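Descriptive analysis of the structure
Chain residues, written in single-letter form:
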Amino acid sequence: MKTPEPFKIKMVENLNRLSKQQREKKIKKAGYNVFKLRSEDVYIDMLTDSGTSAMSDKQVSRMIETEQAYAGSDSYYDLKKTVEDIFCFERFLVVHQGRGAENVLYSVILDEGDYVPNNMHFDTTKANVKHKGGTPVNLVIDEAYDPEKKLDFKGNMDTEKLKSLIEEKGPENVPIIMLTVTNNTGGGQPVSMENIKEVSKIAKDHDIPFFLDACRFAENAYFIKKREKGYGDKSIREITREMFSYADGFTFSAKKEGLVNIGGLLGIRDEELHLKCKNLSIIIEGFPTYGGLACRELSAMAQGMREVIKDGYQEYRHQQVKFLGDELLDRDIPLIEPIGGHAVFVDAKRFLPDIPQKHFPAQALTTELYKEAGIRGVELGTSAFGETDEEGNIVPAEMENMRLAVPRRVYTINQLRYVAESLKEIFDERHNIKGMKRTYAPELLGHFTAEFKPIG
Ligand code: F0G
């Protein structure tokens, strides 16, 4: 690794390592769904990079220093200054997390029967659109579905597909255009500045608001710095400011690149839309200067956002995720390439080619990794994104991945190497892995609470 960690460790959390027999019992009891495990029974937790970052000493000290007030605490004004500085947005609402922003926004702008284009919706964004009677549409470039295709900006939206959708459905039925940076569902792949600009122009031409789903904005900005012509000498802050300058609004889960355990933002330029969202937000999230959070969370978020845009931090972060990816590729594990910004996505279709998608190969692999090594990844395949047709048949998702998310500033290189070695052992014995039968799933966000049984 070229750039060592730009921090040293001040406090540690001891880990618990169960035996394989104990883990077998735990996963069976959990209905073969890793969301139902107790985290104390997990050795290395790569379920998500959301809300799992290690905070800095500065973040924690600001949490203690700040006032706790119902309205107008200094933490809010610190956050406001930071949002204005990094995102260049004057109007924003504090919400409890990303899906809080989605709920407020879609409640205000979406009518039943509307369409919401995105490069790719993540699980909660898709569910929030559906929940309000809308149809989420994924318009990412076709290459995004080919895990082996190496492109610099594989998260880009196909602008021809976007224009066709607007023409076909009518701009009056497309109340918003979203672009997710980086594209989580498609492997944490970045979107280029050029694409952001183009999508923004199409939105303006049709008088449709253009919003960023900005959970991983700085990781995206770092990719632009490294890969897009003309950005090599710019700072992450400068690139971020340009990215946001093309947007009419944004949703932001601070649980990712706010480096906090909870929190989110909804940024809106338009005064009238902001007012409507603010009034709803007071009912369902909280007064705008705390938005469902304790004031200390706002302080931690403001400080975290200032840390996440540091070029040195991003360099370390990207090298860390790439390290895990390279260790796996060296061991012939099939991945989505290039390696994304926050996670490594293992392609279960190629890892377990004999298991049909209706038998949930990515779920089977996720279960196996926990059983064998105590590592918790997450299924992002047919359980998370598949559908059920009118006859109750499973319609497989386009991609079938097990995501190994890398929590920020949490795991060491040794721990990541252990993950790669463990997965290699499973890869060598993969012919013994059987598919799964799903025994329960609710209609929306099924993967969180679904239950399974191994086949045979
Ligand atoms: N948008 C994207 C692209 C996300 O990745 C997430 C969350 C959200 C919105 C919602 O944010 O969790 O704060 O409500 N992704 C997490 C993950 C949960 O594991 O990737 P939230």
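About the cut-offs
- Residues numbered from 1 in each chain as written.
- Predicted model: local features only at pLDDT ≥ 70, side-chain atom pairs only at ≥ 80, totals over all residues.
- Heavy atoms only, no water.
- Helix = DSSP H or I, 4+ residues; strand = E, 2+ residues; numbered from the N terminus.
- Rg over C-alpha atoms; globule rule 2.2 N^0.38 Å.
- Buried < 20%, exposed > 50% of the residue type's maximum accessible area, 1.4 Å probe, protein only.
- Contact = heavy atoms within 4.5 Å.
- Areas by Shrake-Rupley, 256 points an atom, 1.4 Å probe, with all protein chains shown as cover.
- Lys, Arg positive; Asp, Glu negative; His and termini not counted.
- Charge placed at Lys NZ, Arg CZ, Asp CG, Glu CD.
- Phe/Tyr/Trp six-rings, centres within 6.5 Å; stacked < 30°, edge-to-face > 60°.
- Lys NZ or Arg CZ within 6 Å of the ring centre and 35° of its normal.
- Domains from an automatic or database assignment.
- Buried area = accessible area lost by both parts, 1.4 Å probe.
- Pairing = 2+ DSSP bridges.
- Axes fitted to C-alpha atoms, helices over the stretch in contact; angles between N-to-C directions.
- Patch = residues over 30% accessible without salt bridge, like charges linked within 9 Å, V, L, I, M, F, W, Y side chains within 5 Å.
- Salt bridge = Lys/Arg side-chain N within 4 Å of Asp/Glu carboxyl O.
- Expected span 1.5 Å × (residues − 1).
- Arc of directions from axis to C-beta.
- Polar contact = N/O pair within 3.5 Å; in protein donor to acceptor, adjacent residues only side chain to side chain.
- Nonpolar A, V, L, I, M, F, W, Y, C, P; charged D, E, K, R; others polar.
- Near = heavy atom within 4 Å.

Comments concerning the overall build of the protein
A tally of helices and strands in the protein yields 18 helices and 16 strands. Against the compact-globule benchmark of 23 Å for 456 residues, the protein has a radius of gyration of 21 Å, which places it among compact chains. Its C-alpha atoms put the protein at 60 × 55 × 45 Å along the principal axes. Taken across its 456 residues, the protein has 59% of its residues classed as buried. Within the protein, contacts between residues separated by at least 24 positions form 72% of all contacts whose residues are at least 6 apart in sequence. Accessible surface for the protein amounts to roughly 19,300 Å². Of this, 47% is attributable to carbon and sulfur atoms. Each charge class in the protein was averaged separately, 64 positive and 72 negative side chains, and the resulting centres sit 5 Å apart.

Digging into the packing of aromatic side chains
Overall, the coordinates contain 20 aromatic pairs when judged by the stated rule. For the ring pair Tyr 76 and Tyr 77, a centre distance of 5.1 Å and an interplane angle of 80 degrees mean the geometry is edge-to-face. Accessibility expressed as a relative area gives 10% for Tyr 76, which makes it buried. One aromatic cluster is present, formed by Phe 87, Phe 89, Phe 217, Phe 244, Phe 250 and Phe 252 through successive ring pairs. One residue, Arg 269, lies across the ring of Phe 89, its end atom 3.8 Å from the ring centre. The ring centre of Phe 427 lies 3.9 Å from the NZ or CZ of Arg 430, which sits over that ring.

Section: the domain arrangement of the protein
Along its sequence, the protein is carved into domain 1 (20-49 + 311-454) and domain 2 (57-308). Summarising the inter-unit geometry, the C-alpha centres of domain 1 and domain 2 are found 26 Å apart. Taken together, the contact pairs 30 residues of domain 1 with 41 residues of domain 2. Of the roughly 3,000 Å² buried between domain 1 and domain 2 on both sides combined, carbon and sulfur atoms contribute 56%.

Description of the sheet that holds strand β9 (residues 343-347)
Read from one edge of the open sheet, three strands run β9-β14-β11, paired in antiparallel fashion. With partners counted over all chains shown, the strands left at the sheet margins are β9 and β11 (378-380), one partner each. When strand polarity is set aside, the average angle formed by the axes of neighbouring strands in this sheet is 35 degrees. Pairing of β11 with strand β14 (residues 401-405), which is carried by three bridges, proceeds in the antiparallel orientation. Directly across from Leu 380, in β14, lies its bridge partner Asn 401. On top of the sheet, helix α13 (residues 311-330) reaches β9 and β14; it is set at about 25 degrees to β9, its chief contact.

Concerning the sheet that holds strand β6 (residues 210-213)
Think of a sheet as strands paired side by side through backbone hydrogen bonds, with each pair either parallel or antiparallel. Pairing is mixed in the open sheet, where five strands are placed in the order β2-β8-β7-β6-β5. Pairing within the sheet leaves two strands with one partner each, and these edge strands are β2 (92-95) and β5 (177-180). The mean inter-strand angle of the sheet, taken between neighbouring strand axes irrespective of direction, is 15 degrees. Note: β6 against strand β7 (residues 249-253), three bridges, orientation parallel.

As for a nonpolar patch on the surface
Side chains of Phe 7, Ile 9 and Val 12 sit close together on the surface and give an oily, nonpolar patch of about 300 Å² of accessible area. Along the chain, Ile 9 turns up in the segment before α1 (20-29).

A short note on the pattern of salt bridges
Throughout the structure, instances matching the rule amount to 33 salt bridges. Of the charged contacts, one joins Lys 36 and Glu 451 as a salt bridge, the two residues approaching to 2.6 Å between their closest N and O atoms. In this pair, Lys 36 is assigned in the loop between α1 and β1 (44-45) and Glu 451 in strand β16 (residues 451-454), connecting sequence segments 415 residues apart. A relative accessible area of 33% means that Lys 36 is categorised as partly exposed. Where Arg 331 meets Glu 327, a salt bridge forms, and the shortest distance between an N and an O atom there is 3.0 Å.

A word on the pairing of β7
With five of its five residues buried, β7 lies for the most part within the structure. The alternating pattern of β7 places Gly 249, Thr 251 and Ser 253 on one face and Phe 250 and Phe 252 on the opposite face, and all of these are buried. Where β7 lies against strand β8 (residues 264-268), five bridges are found, and the strand directions are antiparallel. Bridge pairing in β8 places Ser 253 opposite Gly 264.

Observations regarding helix α11 (residues 271-284)
Taking 1.5 Å per residue as the helical rise, α11 with its 14 residues ought to reach 20 Å, and the 20 Å between its terminal C-alpha atoms agrees with that figure. Along α11, the positions that sit buried rather than exposed are Leu 273, His 274, Cys 277 and Ser 281. The buried side chains of α11 occupy one side of the element, clustering within an arc of 95 degrees when seen end-on. The exposed residues of α11 that point more than 90 degrees off its buried face are Glu 271, Glu 272 and Ile 283. Contacts made by the buried residues of α11 are with β2, α4 (98-109), β6 and β8. One side-chain oxygen of the residue at the start of α11 lies 3.3 Å from the amide nitrogen of Glu 272, identifying that residue as Asp 270. Phi turns positive, to about 145 degrees, at Gly 286, one or two residues after α11.

What to know about the packing of α1 against helix α15 (residues 361-373)
It is the contact of α1 with α15, at a shortest axis distance of 7 Å, that shows an interaxial angle of 145 degrees. On α15, the residues that touch Lys 20, Arg 23, Glu 24, Lys 26 and Ile 27 of α1 are Thr 367, Tyr 370, Lys 371, Glu 372 and Ala 373. For the contact of α1 with α15, a count of residues per class yields three nonpolar, one polar and six charged.

Section: the site of the ligand
In the region of the ligand, 18 residues are neighbours, and Thr 48, Arg 99, Asp 213, Ser 253 and Lys 256 sit closest. The contact in question runs from a nitrogen atom of the ligand to an N or O atom on the side chain of Asp 213, over 2.7 Å. At a separation of 3.0 Å, an oxygen atom of the ligand approaches a polar side-chain atom of Arg 216. If the ligand stood free it would expose 470 Å²; the protein chains cover 95% of that surface. Where the shell around the ligand is concerned, the elements lending two or more residues are α4, α5 (123-131) and α10 (254-257). Among the elements that make up the shell around the ligand, the one with the highest residue count is α4 (three residues).

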